[in-house]
Amino acid sequence: MTKKALIAGWGQLPRLWAERAAAQAEDFIVIRIAEEITAEFSDLDCAEYTVNLTQLGEILQLLEDEEIEEAIWLGKIQKAHLFNDFNPDQKLKQLLTQLPDLNDDTILMGLALEFINSGVKILPQTYLLEDQLAEPGILAGEVDSELKRDLIFAFETAYNLGRFDIGQTALVKDGAVMALEAIEGTDEAIKRAAKFGGPGVVMAKCSKKNQDIRFDLPTVGLKTLENLIEAEAGALIIEADKTFILNKEEFCRRAAAEGIVIAAAEYNKEELILPWQK
């Protein structure tokens, strides 16, 4: 069995993976990104390190010292850190200055190459977590003809947003865009949409056209749902088989109780397949 490293960002997805890896007797370590610490791992039988986001050289050295062969990146790492008193080590500074831009995919691919060149394979984020992906269909609530129009519009807007590697989330109402996610992240985009659109906004979250499943798969969880409830949102549509829903059963149950529709659509060869078309 190969020795693995979990690079843990914000949220509970890293913790869920670590629990499953421990249950399957995987040999792994956890490297927590200090700026994004959420989950605890001290109760698990694994070595645990905390490293600043700026210390790429230290992370690579840890991988070498621990004889890591495979790594998995899970949890959000906010790009805003790059613009807030950011002081990268020499290794990271050299990487960033060589990149053509600072879009998400550009940075992630640059980091991935650093890992690969160090002899470490990057695992798909679905490894041990495939059951957390959304299945196609209406997962909560009922969809009327008026809501269908906004669900389609929101989904297509989010999908096209991903083509520019800007964000994964779009929020609309009555055929108008209320907010597009950029560097501020999903939660702030929801709040901005609620400010301008009021109750009934519809959110879509989906992957990029050529999504690399090794990193940055779209994820929604109870925190996302709480923000949608507070915003009095009408619906959420996500991309099936490419979006994680954490605490799926509770997520859908609470959404239904709050009157929020949850739907999961698919793209197949550029064709949008909607859940009510199944």
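Residues numbered from 1 in each chain as written. Predicted model: local features only at pLDDT ≥ 70, side-chain atom pairs only at ≥ 80, totals over all residues. Heavy atoms only, no water.

Draft legend 1. Highlighting the overall build of the protein. Looking only at helices and strands, one finds eight helices and 14 strands in the protein. Expressed along its principal axes, the backbone C-alpha trace of the protein runs to roughly 60 × 40 × 35 Å. Considering the protein as a whole, with its 278 residues, one finds that 53% of them fall into the buried category. Residue pairs at least 24 apart in sequence account for 72% of intrachain contacts in the protein once pairs closer than 6 positions are excluded. Accessible surface computed for the protein: about 13,000 Å², of which carbon and sulfur atoms make up 47%. Each charge class in the protein was averaged separately, 28 positive and 49 negative side chains, and the resulting centres sit 4 Å apart. (Helix = DSSP H or I, 4+ residues; strand = E, 2+ residues; numbered from the N terminus. Buried < 20%, exposed > 50% of the residue type's maximum accessible area, 1.4 Å probe, protein only. Contact = heavy atoms within 4.5 Å. Areas by Shrake-Rupley, 256 points an atom, 1.4 Å probe, with all protein chains shown as cover. Lys, Arg positive; Asp, Glu negative; His and termini not counted. Charge placed at Lys NZ, Arg CZ, Asp CG, Glu CD.)

Draft legend 2. Representation of helix α4 (residues 104–117) in the model. For α4, spanning 14 residues, the distance from its first C-alpha to its last is 20 Å, which sits close to the expected 20 Å at 1.5 Å a residue. Along α4, the residues classified as buried are Asp104, Thr106, Ile107, Leu108, Gly110, Leu111, Ala112, Glu114 and Phe115. Where α4 is buried, its residues touch β1 (4–8), α2 (56–65), β4 (70–74), α3 (90–98) and β5 (121–122). Gly119 occupies a position one or two residues after α4 and carries a positive phi of about 90°. (Expected span 1.5 Å × (residues − 1).)

Draft legend 3. Local environment of a nonpolar patch on the surface. Side chains of Phe83, Leu102 and Ile183 sit close together on the surface and give an oily, nonpolar patch of about 280 Å² of accessible area. Given the relative accessible area of 33%, Leu102 is considered partly exposed. (Patch = residues over 30% accessible without salt bridge, like charges linked within 9 Å, V, L, I, M, F, W, Y side chains within 5 Å. Salt bridge = Lys/Arg side-chain N within 4 Å of Asp/Glu carboxyl O.)

Draft legend 4. Molecular detail of unusual backbone geometry. Even without being a glycine, Glu67 presents a positive backbone phi close to 55°. With respect to the helices and strands, Glu67 occurs in the loop between α2 and β4. By relative accessible area, Glu67 is classed as exposed at 63%. In this model, Asp216 sits at a positive phi of 65°, which is unusual for a non-glycine residue. You can see Asp216 is positioned in the loop between β9 (202–205) and β10 (219–220).

Draft legend 5. Highlighting α3. Within α3 the residues assigned to the buried category are Leu92, Leu95 and Leu96. Down the axis of α3, the buried set is contained in an arc of 95°. They therefore lie on one face. Facing away from the buried side of α3 by more than 90 degrees, the exposed set consists of Gln90, Thr97 and Gln98. Those residues of α3 that are buried are in contact with α2 and α4. (Arc of directions from axis to C-beta.)

Draft legend 6. Here's a closer look at the packing of helix α6 (residues 186–197) against helix α7 (residues 222–230). Relative to each other, α6 and α7 sit at 10°, their axes nearing to 9 Å. Of the possible angle classes, the one that applies to α6 and α7 is roughly parallel. Contact residues: Asp187, Ile190 and Lys191 in α6; Lys223, Thr224, Asn227 and Leu228 in α7. In terms of residue class, the contact of α6 with α7 is built from two nonpolar, two polar and three charged. (Axes fitted to C-alpha atoms, helices over the stretch in contact; angles between N-to-C directions. Parallel < 35°, antiparallel > 145°, perpendicular 65-115°, else oblique. Nonpolar A, V, L, I, M, F, W, Y, C, P; charged D, E, K, R; others polar.)

Draft legend 7. The arrangement of the pairing of β4 in detail. Extensive coverage of β4 is indicated by the burial of five of its five residues. Of the two faces of β4, the one holding Glu70, Ile72 and Leu74 and the one holding Ala71 and Trp73 are both buried throughout. The sheet contact formed by β1 and β4 spans five bridges and is parallel. Bridge pairing links Ile7 to Trp73 in β4. Taken together, the two bridges between β4 and β5 define a ladder with parallel strand orientation. Bridged to Glu70 within β5 is Lys121. (Pairing = 2+ DSSP bridges.)

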